[in-house]
Amino acid sequence: MSARFQELDWQPTPMGEISLRRRRDPSSGEDVFEVKLGDEYLMSSLFTEGEVELTRLGLAELAEGPLDVVVGGLGLGYTARTALDDPRVRSLVVVDALPQVIDWHRRGLVPLGTGLSTDPRCRLVRGDFFAMVTGDAATGGSVPSEDAGSTQDTAVAADAAPRGLDPENPGRRFHAILLDVDHSPRHVLHPSHAALYGVPGLTALADLLHPGGVFALWSNDPPDEEFGAVLAQVFTDTAAHVVDFDNPLQGGTAANTVYVARRRD
């Protein structure tokens, strides 16, 4: 049994101090993993329904595989793990801006880390998802899944990084792009992220999908009609799904929103 509370890692980042913590839930006796950015909680293994449903709802819109998928935002790995559990998924690229988060998975500090970092279908890529969509990426280092013990990342200079979410194959298109980074389109972690949620940013993202491909987005806010209208200007068959789940900390239920949109054929 683990200690009641343990800080597994703490690192400074350009967005603030990030920490990974493990605590024992007194009611269940199980370990709970939590990520904080500064004083703000980013995610917890107590609440994974939204991350799982992001993948399930997004991939449910697609026909039979094989499927090539991108996940923006690694976090504790639940979105990526759900994608790899889908037998149609042929390849998965997971993009995260923070090498510290990728390192947690490589080192096995989080429960799903070893499985993700050793799956031959999965590559963990260090880079700014938002800048990579528009071609302004400053870094785009690939962390090979088979090199789970490595502590080295590579970086690609901005002038050497064409637009795209796979640094090894610039301009590559995918069947699905699943994004879980910001709290919502209105509440972003960094001001540079906001441009993605307008028509030009979403159009650039749609260009990285195959015709008929799917973009799915996690949000911690209720469905936003204004954002939904923007989404509908770029994509077709748009929908906002409310995902309800139990909240053992506050009692009752809580909810996330998953937006799903299809690129026009």
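Conventions adopted
- Residues numbered from 1 in each chain as written.
- Predicted model: local features only at pLDDT ≥ 70, side-chain atom pairs only at ≥ 80, totals over all residues.
- Heavy atoms only, no water.
- Helix = DSSP H or I, 4+ residues; strand = E, 2+ residues; numbered from the N terminus.
- Buried < 20%, exposed > 50% of the residue type's maximum accessible area, 1.4 Å probe, protein only.
- Contact = heavy atoms within 4.5 Å.
- Areas by Shrake-Rupley, 256 points an atom, 1.4 Å probe, with all protein chains shown as cover.
- pLDDT = per-residue confidence, 0-100.
- Pairing = 2+ DSSP bridges.
- Axes fitted to C-alpha atoms, helices over the stretch in contact; angles between N-to-C directions.
- Right-handed = clockwise from strand over helix to strand, strands pointing away.
- Core = buried A, V, L, I, M, F, W, Y, C linked by side-chain atoms within 4.5 Å.
- Expected span 1.5 Å × (residues − 1).
- Salt bridge = Lys/Arg side-chain N within 4 Å of Asp/Glu carboxyl O.
- Parallel < 35°, antiparallel > 145°, perpendicular 65-115°, else oblique.
- Left-handed = near helix turned anticlockwise from the far one by under 90°.
- Nonpolar A, V, L, I, M, F, W, Y, C, P; charged D, E, K, R; others polar.

Visitor: Sorry, what's going on with the overall build of the protein here?
Guide: Counting secondary structure elements, the protein contains seven helices and twelve strands. With 265 residues in all, the protein has 52% of them scored as buried. Across the protein, the fraction of contacts at a sequence separation of at least 24, relative to all contacts at a separation of at least 6, is 62%. In the form shown here, the protein has an accessible surface area of approximately 11,800 Å², with 50% of it arising from carbon and sulfur atoms.

Visitor: Looking at this model, I keep getting lost on the side chain of Ser 91. Mind explaining?
Guide: Mapped onto the elements, Ser 91 comes out in strand β6 (residues 89-96). Residue classification places Ser 91 among the buried positions, given a relative accessible area of 14%. For Ser 91, the residues in contact, after removing those within four places along its chain, are Leu 67, Asp 68, Val 69, Arg 121 and Arg 172.

Visitor: For this particular structure, what's the right way to read the confidence of the model for the protein?
Guide: Overall, the prediction assigns the protein a mean pLDDT of 87, with 88% of residues at 70 or greater. When the criterion is pLDDT under 50, residues 138-160 qualifies, and its contacts beyond four places in sequence or with other chains add up to 53 contacts.

Visitor: Is there a simple way to think about the sheet that holds strand β4 (residues 40-44) in this case?
Guide: Two modes of strand pairing occur in sheets, parallel and antiparallel, and in both the strands are linked by backbone hydrogen bonds. Spatial ordering of the open sheet is given by β1-β2-β3-β4, a layout of four strands whose pairing is antiparallel. For this open sheet the edge positions go to β1 (5-13) and β4, each flanked by a neighbour on one side alone. Across the sheet, the mean angle from the axis of one strand to that of its neighbour is 20°, orientation sign disregarded. Strand direction decides the pairing type here: β1 and strand β2 (residues 16-24), joined by eight bridges, are antiparallel. Residue pairing for β2: Glu 7 is matched across the bridge by Arg 21. Here helix α3 (residues 99-106) sits on the sheet in contact with β1, β2 and β3 (31-37), set at roughly 30° to β2.

Visitor: Can you walk me through the pairing of β6 in this structure?
Guide: One face of the sheet, then the other: side chains in a regular strand alternate in exactly this way. Burial within β6 is extensive, with seven of its eight residues counted as buried. Where strand β5 (residues 67-72) and β6 come together, six bridges link them in parallel fashion. Bridge pairing links Val 69 to Leu 92 in β6. The parallel pair β5 and β6 is bridged by helix α2 (residues 78-84), and the resulting crossover is right-handed.

Visitor: Please clarify how the nonpolar core should be interpreted in this entry.
Guide: Ranked by size, the top nonpolar core spans 38 residues in total, and within it Leu 20, Val 69, Leu 92, Val 94 and Trp 104 carry the most contacts. Leave out the neighbours within four places in its chain, and Val 69 touches Leu 59, Val 89, Ser 91, Leu 92, Val 93, Phe 174, Ala 176 and Leu 178. By size, the runner-up hydrophobic cluster in this structure holds 29 residues, among which are Phe 174, Leu 179, Phe 227 and Val 230.

Visitor: When you look at helix α1 (residues 49-60) in this model, what are you seeing that I'm missing?
Guide: Count 3.6 residues to each turn of an α-helix, and residues three or four apart come out pointing the same way. Here α1 spans 16 Å end to end across twelve residues, near enough to the 16 Å set by a 1.5 Å rise per residue. For α1, the complete set of buried residues consists of Gly 50, Glu 51, Glu 53, Leu 54, Thr 55, Leu 57, Gly 58 and Leu 59.

Visitor: Can you help me understand the pattern of salt bridges in this one?
Guide: Pairs may arise between side chains of opposite charge once their charged atoms sit close together. Across all of its chains, the model carries 17 salt bridges by this definition. The partner of Glu 7 in a salt bridge is Arg 21, and the shortest N-O contact between them spans 3.9 Å. Linking Glu 7 in strand β1 with Arg 21 in strand β2, this pair joins segments that are 14 residues apart in sequence. The salt bridge partner of Arg 121 is Asp 119, with a shortest N-O separation of 3.0 Å. For Arg 121, a relative accessible area of 25% gives the class partly exposed. Through salt bridges with shared partners, one network takes in Asp 68, Arg 90, Arg 123, Asp 166, Glu 168 and Arg 172.

Visitor: Quick question: what am I supposed to make of unusual backbone geometry here?
Guide: In most cases, non-glycine residues show a negative phi, while peptide bonds are predominantly trans. Here the residue pair Gly 65 and Pro 66 is connected by a cis peptide bond, since its omega of 5° sits within 30 degrees of zero. Considering the arrangement of structural elements, one finds Pro 66 in the loop between α1 and β5. One non-glycine residue, Asp 237, lies in the positive phi region at around 50°.

Visitor: Honestly, the packing of helix α6 (residues 199-206) against helix α7 (residues 225-234) in this entry has me stumped. Any pointers?
Guide: The angle between the axes and the distance between the axes are what describe a pair of packed helices. Between α6 and α7, the shortest axis-to-axis distance is 9 Å and the interhelical angle comes to 45°. What the angle tells us is that α6 and α7 run oblique. Between α6 and α7 the crossing geometry is right-handed. On α7, the residues touching Val 199, Leu 202, Thr 203 and Ala 206 of α6 are Phe 227, Val 230, Leu 231, Gln 233 and Val 234. Residue classes in the contact of α6 with α7 are distributed as seven nonpolar, two polar and no charged.

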